[in-house]
Structure formats: C-alpha cells, structure tokens
Protein chains: 2
Amino acid sequence: MRSTASDVARLAGVSVSTVSRALTVPDKVSTLTRLRVQEVARGLGYHPNQAARGLATGRTGNLGLVIPDLENPYFSSITKAVQSRARSVGYAVFVADTDEDSQEEPEIIRNLAKQVDGVILCSSRASDAELVDRAKETRVILLNREAADLPSVTADNVDGMRQAVRHLWALGHRDIAYVGGPVRSWSDSQRRLGFERAGAELEGVRTQELGAFQPFFSGGVAAADIVLASGATAVVVYNDLMALGLLERVKERGIVVGRELSVVSFDDIMLSAAITPRLTTVAVPIPLLARTAIDLLLGLFEDGAGTPGVARTRVVSLQHTIPVDLMVRGSTGPVPKPHRSLAR
Amino acid sequence: MRSTASDVARLAGVSVSTVSRALTVPDKVSTLTRLRVQEVARGLGYHPNQAARGLATGRTGNLGLVIPDLENPYFSSITKAVQSRARSVGYAVFVADTDEDSQEEPEIIRNLAKQVDGVILCSSRASDAELVDRAKETRVILLNREAADLPSVTADNVDGMRQAVRHLWALGHRDIAYVGGPVRSWSDSQRRLGFERAGAELEGVRTQELGAFQPFFSGGVAAADIVLASGATAVVVYNDLMALGLLERVKERGIVVGRELSVVSFDDIMLSAAITPRLTTVAVPIPLLARTAIDLLLGLFEDGAGTPGVARTRVVSLQHTIPVDLMVRGSTGPVPKPHRSLAR
DNA sequence: GTGCACATTGCAAGCCTTTGCAGTCCGCAC
DNA sequence: GTGCGGACTGCAAAGGCTTGCAATGTGCAC
C-alpha cells in the first residue's frame, strides 16, 4: 500500500542502508546522495514504518497514557496536554481509559508495553507494590501519584490546600469542611493531610472532613446537603467537578454561594471560570504537569540530545512536585456573620 | 527487557513456530504441546510483540482517532467511547488532538498510517478532496462528517434539528434563531439545512441564522447578546458547550431561561442535564456512534470472524446515519406572551 | 609514485513474529 | 507387510528498518 525504503533505494539508485542513513543520520552520507534520496523519498511520500523501526532500534516513538476518566474535564485536559507535548517531540500516544478502575491497568500496560517507550500512569489508585510491579513491564511515570521511588510528577496538593484554607481563614471563616474524594486516592490523602495541617496551623479553626464521595458531579450533589448540615461556613471540595455538583444543589436549596457559603476546590477546569459564581479553585498548571511528565519519561532513555529545536527541561530528580496557585474568584467571600463556631 | 517467543520455545523445548501456533492457532498443535507452551508462556509473562506481529501479518491491532478538541466534553466522550469499544475488541487506540485545525491531519495520519489498521477521523473540516487524499494513506472512517463516498458515521443532524424546531413550535414559538457553529463544519451545515427545512415546513415561523461562532463556551457567550437583540423567543444552539456559555451570559442579563427565552442545543453532554436550568438538547447516542464507527472500520478488513464472544453489528452500508433524540428539559418552555412576530 | 587516512557506501545480520512448505512419525487399511 | 493419509512439528523466508563491519574510492602527505 505504501512505499518502503527499498522502493526509495531502487529509484535513487542506492542501497537501503543509504536510504536509512540519509534520513536518520544525514551527515554520514554525501551531500549529493542525501539530496537525491530525500527528493525521491519526498516524491514517493515515503515515511519509515515506525513498527519496523521500533523492532530494529528498540525505540518505538510511542507513549502510553493511562487515565482514569476521560469524561472528567481535568483528565481530558491532561490528555490533551500530554498528547500535544508528545507530538511536539515526535511521539504518538496511546490513550487508555480505565474508568476509575485500576484493575484494568496491568492488562493495559502489558498490551502496550512492547509498542511504547514508556507509559504515563495517571492518578492510579493501585497500591505501591502493584505499581512497582507494573513498572517492571515498561518504563512508568506516575502522574498525580507518588509511590515508592518510582518517577513521578505531582501537584503540590498539601501547599494548595494550605493556600485554600488560609484564604478562607483570611476571609474570617473559622468552621471549614473538606469534601473528600475517593478512598485510596493519593491526591485525596494528600489534600486531607494538607487540610489537617493547615487547620492546625491557624488559630481558632474548626475543621471537619466529610466523604469519601465519588469524584463526579453527582458526588458533589450528594455532598451538598451534608455540608449544609455540618454548620461549616466554608468548604473545600476535592475537585471542581464535584464543586459544580455541590453548587448546583446548594443553589437549589436557596443558598447564595460566595455569601452564605464559600466554596473552594481543586483543578481549575475550564468551566470553573465560566459558571456563576465563578469558582475559587486551586489551579494545577496542566501544561507544565504534562510537559514535565513527558520530559521525565524521555529523559529516562534518551541520551540527552532529543528532538532538535525543542528545548527540554533537564531532568534532575525523579520525583517532581509542581507548584499550584489559588485562583480567587466569586465562590468565596467573607464569612456572613459571627458564627457560633467562633464562640468556641 | 521482556521475554520473547524464542525464550518460551527454549524453555518448552519446542521451536518458535510451535510457540506461535500454540498461542494463535491452538488447534494446529497437539494438546500436550499446547498446554506446555501456554504454561511456560504464562510463567514467563510472555506477550507477543505487537509491532513484530504487525510486521509479519500486516495487521497491527491498533487504531487511530483524530479528534478536534479533547477539552470539548462531546469529543472527550467520543474518545472515551471509541477507546472503550476498541479495547473490548482487542484494539489499542492512538489519540491525536488537532486543536480544531485540520491542517495537522495529513501529518498525523501519515505518521500513524503504518502502525494502525485504520483511522477514525472525527469532525474533520477538511475539504472532500483533502479527505479522499487522506484515505489513501490508510483506511479512514469519517465520524460526524460525510464526504464523497468515504465510509462514515454521522448523527442525523437534519432530523435532530427538525425535532428541535417542532418542539419549539409546539410550545408556541414563532420566532426562532439558530446560533451557528464554525464555518466549514459539516455538522453545522447540516444543522442549518435542517433548520431551514423545518422552518419552511411549519406555519408562521420566522427563522434567522446567526453566526458563525466558535464552538466553545466563549462562542456561546459571544452569541448571547446578539440573540437577545434578535427578538427571537427561542434559539437553537450549535452545541451544548456554546449553549452553556449563552445561558451564562443571558442569566447575567437577568433573563430567565425556559421562561423568557427557550434554548435547545445539540450533543447532550453530561453537564447539560446537571446545570440549572437543565438543557433541552438533541442527544447523540455516543456509544452507538463509536461502536458503529469501529465495527465499520474493522468490517473493512476483518473477514467476518472478529473477536470471539463479542457480537458485532454486521456492516451493510458504508455511510451510517445514527438516529438522535430530543431530550426535553427545563431550558425550553411555552412562549411567554403573544409576541409581535406572531402578528406578522 | 606509493601509502595511508578518511569519507562513502553496501552487505548482511538482527529485531520478533507469522506462515507456507516439507519432513517425521504414527496408525490404519488392504 | 507395505503403503498412505494425517497429525505434528520444524525450517526458513518474509516483513521494513537499523547498524557494525567491510569494501571501495578519493585525496593528500611524504
């Protein structure tokens, strides 16, 4: 169906080896030959067969991305960013959605292992031991998760939570709840940790942790009434999607968010700046996250050169933490009135 | 790094050929040998190298999906569905996001061509001729787009629009606007067509077409004031994401959607049933869309058998149109009062 | 003029499977 | 007892590319 290197070789009157070299290591071929080969190749629309090249070199030029739920805007943004960065450095990416079910992961990784140079495993809820196991099949970078000493890229959840709670504190809130995400989620455990620490650092704050809830819109809806019953004047929600759900239900109950109840969440998905009230949220810089993950992965086996013309962050450590920023918007405001919890 | 067929062969005391056969065509191997080979293979965690298999058989077990914008929930749902269906029939999928820019497509397809058995090209805005060209590189299925006689799977946009307009008509609306999506979008042109036809079929309806707008939240925001200025009592919007934007701005202007202005759109993304007011929308059955596309693609080269245990729709025609359903929800309601346009 | 270094290029092996063909062995029929 | 078909199995080629090594040819120094 498509032309091969030997077609090019025949037409250019050279051997296949020369064709290969002319296209991959141009300086090992005389200028004249190189030009001729390249011209014939272009004329034929020749592109080397990646699979064959992979067989020969052991490098496939492919990456895998294992993601929990493409329908969560946060993860689809990550997918978009990873895919975009990968393409800009000459890699194609396999995407596999696990439906928030880490049981599928080993099978997926095994199937991908031979045709990728590595996989980015996003927000896996598998245990440390399981993850170490998976890393045996192929190179693995953990995204939004740390485990053992596997290479990983994570957002600074603890600091993000600190920023969120301090912001609420500065607004006068003294009774703050955390609406937690799924059990076994590493991010959730980090956010809980940050929540506890931040609460302990600040004076006169009463904190309470709710959940686990599902990390979907529906999870937020489910959490809403519990939050209202808790007496908290402000709430930090595991992620934006849940916050959206919570807002919806809270508004339905006639509460004005930003005045009667302040809401902060995590991720900064596109919609969170679009809805009313605009959502105060801890923004994870997704492009940076994706870029770091890919550079880390490539750094694991590329000798340093990389794709010419594309600057790459030099990889130093194997466990990266990306700084996060609190985006203050309309969903948070001053505590409405002296609240009974202040008296305590 | 990983074991190969020859490792298995050595340990099982047979030849590589036998290993291959034991694993792919078990009935050509004696029961005893087969069992031994399978056991050794399992013990070694052996999985055939897909790339090598692809070289040998010409079939890769991979699919490509080219999608305009992963951050649009409609497309991320499609990606999820395609990926899920593909996996269930034993295929892995490459995902490439073009950022709504069809210029990238040829390059992407060319790079993927040799490592996939086919490509699903979603909502491409390329011209017919360009698409025919792309189909020369590898098998191509068009999704949300028809062109020439290329195989395609599309939603029934015209009928969807008919349903939408009739619904508005039944509610008493006689002055209806269409907020259009991007120029050169095939779906948009179909929806415009349906809009014009539906308007012509119904008595006393005044229709007007606005746009083109960008198919994002921001596009809807931009359209809002124009819609309000148009005097229309009801509006059909190109897609849900835009409708969300429009709603936001319209609400900001103090208009109550569902009472003072009725809004219908297309896609039925998850959020459209979640926000207030819930969005009346033409639902595209995405799983069916994805499933049809994949089955069509596989039907193009699999001899009929397919993966055992997984039923597949028998492919008859090459251009499929998927029926759509209007989901009536809160964003549409009876026309508020006799409107001047009624008098005309 | 001779020899040598070096730049080019081709040969052939190797990467891992699959698969047509051929060989071996067995059992059975005549 | 001989012959034959059939069931298994191995050999080897093929698929497209990369790359170490060898071969060729050139230019230059001495």
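Every value quoted in this text rests on a predicted model; they were computed, and no experiment measured them.

1. Topic: the packing of helix H1 (residues 5-12) of chain B against helix H3 (residues 31-44) of chain B
All names here are of chain B. Two numbers describe how H1 lies on H3: the axes approach to 9 Å, and their chain directions differ by 125°. Classed by the angle they form, the pair H1 and H3 counts as oblique. Note on packing geometry: the crossing formed by H1 with H3 is right-handed. Counted together, Asp7, Val8, Leu11 and Ala12 of H1 and Arg36, Val37, Val40, Ala41 and Leu44 of H3 form the full contact between these two elements. By residue class, the composition of the contact of H1 with H3 is 7 nonpolar, no polar and 2 charged.

2. As for the protein's contact with DNA strand D
Close to DNA strand D lie 26 residues, the nearest being Ala5, Ser20 and Tyr46 of chain A together with Thr18 and Thr33 of chain B. A distance of 2.7 Å separates a phosphate oxygen of DNA strand D from a polar side-chain atom of Arg53 of chain A. Contact between DNA strand D and Ser15 of chain B: a phosphate oxygen at 3.0 Å from a main-chain N or O atom of the residue. Of all elements in the fold, only helix H2 (16-24) and helix H4 (50-57) of chain A together with helix H2 (16-24) and helix H4 (50-57) of chain B reach the threshold of two or more residues within the surface near DNA strand D. In terms of residues, the surface near DNA strand D owes the most to one element, H4 of chain A, which gives 5 residues.

3. Some words on the confidence of the model for chain A
Residue and element names in this part refer to chain A. Looking at chain A as a whole, its pLDDT mean stands at 90, while 93% of the residues score no less than 70. In this model residues 304-310 is a low-confidence stretch, pLDDT under 50, and it forms 7 contacts with partners more than four residues away in sequence or in other chains. Here residues 339-344 is modelled with pLDDT under 50, and outside its nearest four sequence neighbours on either side it reaches 8 contacts, counting other chains as well.

4. As for the side chain of Lys114 of chain A
Note that Lys114 of chain A resides in the loop between helix H6 (105-113) and strand E3 (119-122). In contact with Lys114 of chain A, other than residues within four places in its own chain, are Thr60 of chain A together with Arg2, Ser3, His47, Asn49 and Gln50 of chain B.

5. With respect to the nonpolar core
Core analysis: the largest hydrophobic core is formed by 148 residues, its most contacted members being Leu246 of chain A together with Leu246 of chain B. Leave out the neighbours within four places in its chain, and Leu246 of chain A touches Val179, Gly220, Val221, Ala223, Ala224, Val227, Val235, Val237, Leu261 and Val263 of chain A. Counting 32 residues, the second-largest nonpolar core is a separate cluster that includes Ala96 and Ala126 of chain A together with Val66 and Ala126 of chain B.

6. Side note on the packing of aromatic side chains
All names here are of chain A. Enumeration over the complete set of coordinates arrives at 5 aromatic pairs over all chains. Between Tyr178 and Phe195, the aromatic rings sit 5.6 Å apart at their centres with planes inclined by 35°, giving tilted as the arrangement. Highlighted residues: Tyr178 in strand E6 (residues 175-179) and Phe195 in helix H9 (residues 186-201), separated in sequence by 17 residues. A relative accessible area of 0% places Phe195 in the buried class.

7. As for the protein's contact with DNA strand C
For DNA strand C, the set of nearby residues contains 25 residues, the closest of which are Thr18 and Thr33 of chain A together with Ala5, Ser20 and Arg53 of chain B. Of all DNA strand C atoms lying within 4 Å of any protein atom, the proportion belonging to sugar or phosphate reaches 66%. With respect to DNA strand C, the backbone of Leu55 of chain A contributes an N or O atom lying 3.5 Å from a base oxygen. Where the surface near DNA strand C is concerned, the elements lending two or more residues are H2 and H4 of chain A together with H2 and H4 of chain B.

Reading the values: rules and limits
Residues numbered from 1 in each chain as written. Chains lettered and ligands numbered in written order. Predicted model: local features only at pLDDT ≥ 70, side-chain atom pairs only at ≥ 80, totals over all residues. Heavy atoms only, no water. Axes fitted to C-alpha atoms, helices over the stretch in contact; angles between N-to-C directions. Helix = DSSP H or I, 4+ residues; strand = E, 2+ residues; numbered from the N terminus. Parallel < 35°, antiparallel > 145°, perpendicular 65-115°, else oblique. Left-handed = near helix turned anticlockwise from the far one by under 90°. Contact = heavy atoms within 4.5 Å. Nonpolar A, V, L, I, M, F, W, Y, C, P; charged D, E, K, R; others polar. Near = heavy atom within 4 Å. Polar contact = N/O pair within 3.5 Å; in protein donor to acceptor, adjacent residues only side chain to side chain. pLDDT = per-residue confidence, 0-100. Core = buried A, V, L, I, M, F, W, Y, C linked by side-chain atoms within 4.5 Å. Buried < 20%, exposed > 50% of the residue type's maximum accessible area, 1.4 Å probe, protein only. Phe/Tyr/Trp six-rings, centres within 6.5 Å; stacked < 30°, edge-to-face > 60°.

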